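Report on the structure
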Amino acid sequence: MAIGSKQRVRVALTVASFAVLSIFFALQYRRRKPQRRSSSCYLSADWKPQHSFKRVLADNSFAPFKHLKLKDSNGDDISNMHPHEAEITALMDNPRVELKNGIDYQDLNINDAYVWVEHVSQLKEMVDLLANESAFAVDTEQHGLRSYLGFTALMQISTQEQDYLIDTIALHDSMSILRPVFSNPSICKVFHGADNDVLWLQRDFHIYVVNLFDTAKACDVLLKPQRSLAFLLETYCGVTTNKLFQREDWRQRPLPQGMVQYARTDAHYLLYIASCMISELREKYNEATVSDESYGHDGKLHFDLQACRRSNAICLQLFAKDIEASRGEIAASSLISRHLNSQGTSSSDTLDSKKNHFEDVVRRLCAWRELMARVHDESVRFVLSDPAILALAEKVPSNANEIFEAIAQADLNAESLSASFPSPSPTVCSHMDHLINLLQEEIEDLDNLFCVFLQKCIGQNGSCPLSVFNYPLLIDSNVKLAKIIIPGQNGSKSRKKAERKASRRLFVQKFSCKSPVYHNCRIFANDGRLLCYCDHRKLEWYLRRDLAKVVDNDPPAIMLLFEPKGRPEDEDNDFYIQSKKNICVGCGEGIHYLRYRIIPSCYRMHFPEHLKSHRSHDIVLLCVDCHEVAHAAAEKYKRQVAEEFDIPLFIRNIAESTNVRDAAEASEMGIDFEEAGVSPLELRTAAMALIRHGQKMPPSRREELYQIVMRFYGGREINNEDLERALLVGMSFHERKRLQKKRGLSLKTNQADSVPIKEKKLDSPTLVSIAEDGLRAGASNGEKQGEKDCCPNSDSCTDSLTDLENPAYIEKNMDLDLTDASSNKDAYAVNAHDTGESGTARNGLVDILDGVDKGTIDSKHKSKFSLMGHGPHGKLVVDRILEESGEDGVCEFCQRWRQVFVEATRPQFLPAGWGIKHSGKRDFGDYSVYKPVYKGSAATNTRS
Ligand code: AMP
Ligand code: MN
Ligand code: ZN
């Protein structure tokens, strides 16, 4: 009992410390500042209030808006459902509007007292009061000019006692405090013309209005001559307002007195007006006769019910980003048609090409301003006005001065824009180079140009500040831009090109590391000296085994409870105590990066195990561009190695029927699948299906599958043994080894079994289950971007609970020596990027990679080859090195690769301790998971 509870406490503590750790990781990540950017963009010097927002629900990307999901919405995960649909629908039949009748006219006078709410504590106080009201009035003011989607700059709430002006800029990240009162069905919210407000509150704060009385809807039902608030204010309260205030800049602080007055007026009288209108609606009900159009049970129209229904119908609306507008196409079409109308129709053939060019330029400019508005979080009209676009499309100026003149002149002529904001906009001025390109170039590949613009702005070393608003644009633009920017461009050639570009961008998006790779957790020795930086899994590993205690949380650090063998300082190697940065070691890019293996896996996978253990030194982060450079250099150098050793990269044509004694062996040596005409995955799937269900399946299907397997064996008849061997094809070295161990049989034996398989009963459960493991791992990796800790190349593994407790598994997957362990989650990307290794899972990637690789073999070949790759070549090379110069030769070989890497990428950001001469050899400490003796004891420890 006592032991049990002690253990429980310990478990609880461990769990708690991990919770603390993970929170800190989350914070760490948030705190990560974007790298410093060159400051050619006006925004670097132009601070906007929304830059202080931390929680932004609607960013400027093309991704759809995500609505609030309530936890108790009985599990239905219908995305973007209204979280309060049920309550609102119920209100439409049974409205709950309890307004105090006959509010004393005296009370209506606006006095000097109002509450300016700008602190969270004030907001909470107000909410406590509102929670006890049966109704309150609401209005909001928006800012739209210097924001792409607009944001709520002020909220006015009035009760019968008080006017509140809520600074929704200062309180932007805390506005959720208001959610409960707004969604409370027993509190009636009175708005005038709530259609927009309801959506804006969702967009900015996930606030959903439930129980709305909209005085504009009441106007409709009562058939009032006008439905404006100004009209109601005048009619019911004798108050006049100046609606021009609507267009003021509501971001101003302090808010000028006139605007405060206006804002209060918009909400202050609403409760009174609503109570008057409800009385009228009920009177109208009493006056109504059966001969009127009637709906009620009593044959009469319930006008108040009607008004409430119409009001609550507004609440059911859901905010959505205007996806249509994303291409600027709608704006372009309307501009073009308006222009044509004003020009009158003059259809001369000679003018046709000119007209087409004009329209083309209008479309380009609309798309460009759309993109710039998203990037800089500005309204499109701020970036470039419609008249300016027309002027540019007509004149097609060729230099910055002319462009400047054309825009300024056009805006000057358009009266409505009377100097309310600068023309040309700072956005245009900062990015004049884009416009020159857009107007002048005979652009073939416009979508590419737009991606170039986007990269120039917020890509690596971009000119414009990154923000929560534009950062997501980088991620989803990869897919969308290609489709959006130029729907009019046809021709399969340019489309193919665009598709390739898009798939390249998709590659970046899919496989670049989504979270920082290095976590900068620290491990201290028991004398307090820093041993290394690592990721949190390594901390967990030690903590779980009671080998360490937590000594710091921010950033997390542990102290080992045992004496580690050796210290990095002692070894004169400070590499392992460098805090690693999550940037491309080549150029410093911090937005996307992927792991790059400096020593190609096709060689490394064949190194003796202990030389592989310090891999973090030779795995670096690279942005996609540097990755490409490094990869190309490595491929080139591989060919040099191939010549030097006289071992070809691809060993061809072994799949002759007579030569193939053993499929596994063949696969290890490399089969030309181009000629065999069957991919390893296809082969394995077919073989497995035949082994498992061959007897039961329809003969035609069986025949089909046989054909696949037979093709692999060069067309000869196949037997049971052949099928089993086929299961092994494409398995990695480790997978096969594991299989051999598990089965206790040598797969290299050559037992000719000539009984044709069609007549033979098939039964081979172990083999099948393992092969299935492989297939499963393969499929999930391909489809789910390798969510599992599985590295299909050099350290293939299948994931299971027992594996996770198995030090051998951890060794392979967690880099648990005193180097930096990093999550293998994304390692897959790099593996896939290598042209080369055998792997089970890469089929799905080959197409994507075709667009990325710039290898020398043509892509048709490569996509087939890459499934088998250079593994066999690598094995022969490494064997030769080991034979001729032993492990020193391997170290030397590694140094050559580091040299190749450095020469190709000229890395500027390698950790200080990194060096070409780094030795892969190091002894393991007693507690290192590499220490073979320890493996056993670790396993027993965890079980006790
Ligand atoms: P209101 O419903 O009158 O309080 O207006 C709310 C917000 O809508 C204002 O803060 C403006 O941002 C916007 N708005 C309403 N009418 C106009 C208008 N005619 N011109 C520009 N903006 C407007
Ligand atoms: Mn207003
Ligand atoms: Zn900019």
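Chains are numbered independently. Their residues run from 1 in the order of the written sequence. Chain letters start at A and ligand numbers start at 1, both assigned in the order the entries are written. Totals for whole chains, interfaces and linings use all residues, but because this is a predicted model, local features are given only for residues with pLDDT of at least 70 and pairs of side-chain atoms are given and counted only at 80 or more. No hydrogens and no water enter the side-chain calculation; it runs on all heavy atoms of the structure.

What to know about the overall build of the protein chain
A count of helical and extended segments in the protein chain gives 38 helices and 12 strands. Accessible area is worked out with a 1.4 Å probe on protein chains only. A residue is then buried under 20% of its type maximum, exposed over 50%, and partly exposed in between. Across the 944 residues of the protein chain, 53% fall into the buried class. Throughout, a residue-residue contact means that at least one pair of heavy atoms, one from each residue, lies within 4.5 Å. In the protein chain, of all internal contacts separated by at least 6 residues, the share reaching a separation of at least 24 is 73%. Of the roughly 42900 Å² of accessible surface on the protein chain, 51% is carried by carbon and sulfur atoms. Working definition: helices are DSSP H or I runs of at least four residues, strands are E runs of at least two. Numbering for both runs from the N terminus. The Shrake-Rupley method, run with a 1.4 Å probe sphere, supplies the accessible areas, and residue values consider only the shown protein chains as cover.

Description of the sheet that holds strand β2 (residues 135-143)
The 6 strands lie next to each other as β1-β4-β3-β2-β5-β6, forming an open sheet whose pairing is mixed. Two strands close off the open sheet at either side, each with one partner strand: β1 (115-117) and β6 (212-214). Looking at each pair of strands side by side, their axes are set apart by 25° on average, direction ignored. Here a strand pair is declared whenever DSSP counts at least two bridges between the two strands. For helices, the fitted axis covers only the stretch in contact; all axes are lines through C-alpha atoms, and the angles between them, taken along N-to-C directions, range from 0 to 180 degrees.

Some remarks on the coordination of the manganese ion (ligand 2)
Each metal's donors are the N, O and S atoms found within 2.8 Å of it, except that Na, K and Ca use a 3.2 Å limit; water is left out, so coordination can look incomplete. For the manganese ion (ligand 2), every protein donor is listed as Asp139 (OD), Glu141 (OE) and Asp266 (OD), and the spread of their distances is 1.9 to 2.1 Å. Of note, the donors binding the manganese ion (ligand 2) are all from one chain and are spaced D-x1-E-x124-D. Residue aspartate 139 is found in strand β2, and its partner aspartate 266 is found in helix α8 (residues 257-268); the two are separated by 127 residues along the sequence.

Thoughts on the packing of helix α24 (residues 624-645) against helix α37 (residues 871-905)
One way to put it is that α24 packs onto α37 with a least axis distance of 10 Å and a crossing angle of 145°. The chirality of how α24 crosses α37 is right-handed. Taking contact as the criterion, the partners of Cys626, Val629, Ala630, Ala633, Ala634, Tyr637, Lys638, Val641, Ala642, Glu644 and Phe645 in α24 are, on α37, His873, Val877, Arg880, Ile881, Phe893, Arg896, Trp897, Val900, Phe901, Ala904 and Thr905. Under the scheme applied here, ten amino acids are nonpolar (Ala, Val, Leu, Ile, Met, Phe, Trp, Tyr, Cys and Pro), four are charged (Asp, Glu, Lys and Arg), and all others, including Gly, are polar. Residues belonging to the contact of α24 with α37 are distributed by class as follows: 16 nonpolar, 2 polar and 4 charged. Crossing handedness is defined as follows: a turn of the near helix away from the far one that is anticlockwise and smaller than a right angle gives a left-handed crossing, while the clockwise case is right-handed.

Observations concerning the nonpolar core
Counting 49 residues, the largest nonpolar core has Val362, Trp368, Leu384, Leu435 and Leu438 as its most contacted members. Looking at this core, the elements with two or more residues in it are α11 (329-343), α12 (349-376), α13 (380-383), α14 (386-395), α15 (400-413), α17 (432-440), α18 (446-458) and α19 (471-484). At 11 residues, the largest contribution of residues to this core is made by α12. Dropping the residues within four chain positions of it, leucine 435 is found in contact with Leu365, Trp368, Ile403, Ile407 and Val428. We call a set of buried Ala, Val, Leu, Ile, Met, Phe, Trp, Tyr and Cys residues a nonpolar core when their side-chain atoms join them within 4.5 Å.

Concerning the coordination of the zinc ion (ligand 3)
Protein coordination at the zinc ion (ligand 3): the donors are Cys41 (SG), His376 (NE2), His431 (NE2) and Cys464 (SG), at 2.0 to 2.3 Å from the metal. Seen from the zinc ion (ligand 3), its 4 donor atoms lie at angles of 97 to 119°, and the figure they make is tetrahedral. On the basis of relative accessible area, histidine 376 is assigned to the buried category, the value being 1%. A site with four donors is called tetrahedral when every donor-metal-donor angle falls between 85 and 135 degrees; four donors are called square planar, and six octahedral, when opposite donors sit more than 155 degrees apart and all other angles fall between 65 and 115; any other arrangement is irregular.

Concerning α15
Spanning 14 residues, α15 covers 20 Å between terminal C-alpha atoms, matching the ideal 20 Å at 1.5 Å per step. Where α15 is buried, its residues touch α14, α16 (426-430) and α17. Here a helix's expected span is defined as the number of its residues, less one, multiplied by 1.5 Å.

Let's talk about the packing of α11 against α14
Following both chains from N to C, one finds α11 and α14 inclined at 70°, their axes separated by 11 Å at the closest point. One element, α11, and the other, α14, form an angle in the roughly perpendicular class. When α11 is examined against α14, the residues Leu335, Arg338, His339 and Gln343 are found in contact with a partner set consisting of Asp386, Ile389, Leu390 and Glu394. For the contact of α11 with α14, the per-class residue count stands at 3 nonpolar, 2 polar and 3 charged. For classification, angles of less than 35 degrees are called roughly parallel, those exceeding 145 degrees roughly antiparallel, those between 65 and 115 degrees roughly perpendicular, and all remaining angles oblique.

A few points about the site of ligand 1
It suffices for a single heavy atom of a residue to lie within 4 Å of a molecule or strand for the residue to be listed as near it. Every residue lining ligand 1 is accounted for by Asp139, Thr140, Glu141, Gln142, Trp200, Lys243, Gln246, Arg247, Trp250, Tyr262 and Asp266. Definition of a polar contact: a pair of N or O atoms within 3.5 Å, with one able to donate and the other able to accept a hydrogen when the atoms are protein atoms, and with sequence-neighbouring residues admitted only if both atoms are side-chain atoms. One of the side-chain N or O atoms of aspartate 139 is found 2.9 Å from an oxygen atom in ligand 1. Among the elements of the structure, β2 and α8 are those that each provide at least two residues to the shell around ligand 1. In terms of residue count, the dominant contributor to the shell around ligand 1 is β2 (4 residues). Each residue belonging to the shell around ligand 1 can be placed in one class, and the counts come to 3 nonpolar, 3 polar and 5 charged.

A word on the confidence of the model for the protein chain
Across the protein chain, the average pLDDT comes to 72, with 61% of residues at 70 or higher. Predicted confidence is poor over residues 25-36, with pLDDT under 50, and the contacts of this stretch with residues over four places away or in other chains come to 19 contacts. For residues 745-868, every residue scores under 50 in pLDDT, and the model assigns this stretch 301 contacts once sequence neighbours within four places are set aside. Confidence per residue, as judged by the predictor, is encoded in pLDDT with a range of 0 to 100.

Concerning α37
The terminal C-alpha atoms of α37 lie 25 Å apart, and with 35 residues this falls more than 12% below the ideal 51 Å at 1.5 Å per residue. Within two residues after α37, arginine 906 carries a phi angle of roughly 45°, on the positive side.

So, the packing of aromatic side chains
Between 30 and 60 degrees the pair is tilted, below 30 it is stacked and above 60 it is edge-to-face, where a pair is any two Phe, Tyr or Trp rings, Trp via its six-membered ring, whose centres lie within 6.5 Å. Counting across every chain of the model gives 12 aromatic pairs. For the pair phenylalanine 65 and phenylalanine 319, a centre-to-centre distance of 5.0 Å together with 90° between the ring planes defines the contact as edge-to-face. Here the residue phenylalanine 65 occupies a position in the loop between α1 (2-31) and α2 (85-93), and phenylalanine 319 occupies one in the loop between α10 (303-315) and α11, the gap between them amounting to 254 residues. Here phenylalanine 319 falls in the buried class, since its relative accessible area comes to 11%. Relative to tryptophan 897, the ring of phenylalanine 893 has its centre 6.1 Å away and its plane inclined at 85°; by these criteria the two rings are edge-to-face. Residue phenylalanine 893 and its partner tryptophan 897 are located together in helix α37, separated by 4 residues, close to a single helical turn. Three or more aromatic residues joined by ring pairs form one cluster here, namely Tyr603, Tyr637, Phe893 and Trp897. A cation over a ring is seen here: arginine 374 above phenylalanine 62, with NZ or CZ 4.2 Å from the ring centre. Look at NZ for Lys and CZ for Arg. If either is within 6 Å of the ring centre and within 35 degrees of the ring normal, a charge sits over the ring.

Observations regarding the pattern of salt bridges
Whenever a carboxyl oxygen of Asp or Glu lies within 4 Å of a side-chain nitrogen of Lys or Arg, that contact is scored as a salt bridge. Evaluation of the coordinates by the stated rule reveals 25 salt bridges. The shortest N-O distance in the salt bridge between glutamate 635 and lysine 638 comes to 3.2 Å. Taken together, the positions of glutamate 635 and lysine 638, both in helix α24 and 3 residues apart, correspond to about one turn of that helix. Assessed through its relative accessible area of 7%, glutamate 635 is described here as buried. Judged by relative accessible area, lysine 638 falls into the buried class, the value being 1%.

Topic: unusual backbone geometry
Here the amide bond leading from arginine 253 into proline 254 is cis, since omega sits at -10°, within 30 degrees of zero. Relative to the helices and strands, proline 254 resides in the loop between α7 (229-237) and α8.

A closer look at the environment of tryptophan 897
You can call tryptophan 897 buried: its relative accessible area is 0%. Separated by 260 residues in sequence, tryptophan 897 and tyrosine 637 have C-alpha atoms that sit 8.3 Å apart. Beyond its immediate stretch of four places on either side in the chain, tryptophan 897 contacts Ile598, Ile599, Pro600, Tyr603, Ala634, Tyr637, Lys638 and Val641.

Here's the deal with the pairing of strand β12 (residues 619-622)
Burial along β12 is two-sided: Ile619 and Leu621 and Val620 and Leu622, pointing in opposite directions, are all buried. In terms of strand pairing, strand β11 (residues 594-597) meets β12 through 4 bridges, oriented antiparallel. The residue bridging tyrosine 596 from the neighbouring strand is valine 620, located in β12.

Some remarks on the pairing of strand β7 (residues 521-524)
Of the two faces of β7, both are covered, the one formed by Cys521 and Ile523 as well as the one formed by Arg522 and Phe524. As judged from the 3 bridges shared by β7 and strand β10 (residues 556-560), these two strands associate in the parallel manner. The residue bridging phenylalanine 524 from the neighbouring strand is methionine 559, located in β10.

Details of the state of the cysteines
Cysteine sulfurs are considered disulfide-paired once they come within 2.5 Å of each other. With the rule as written, the count across this model stands at 0 disulfides. Left unpaired, cysteine 308 is separated from the closest cysteine sulfur, that of cysteine 188, by 6.9 Å. Assessed through its relative accessible area of 5%, cysteine 308 is described here as buried.

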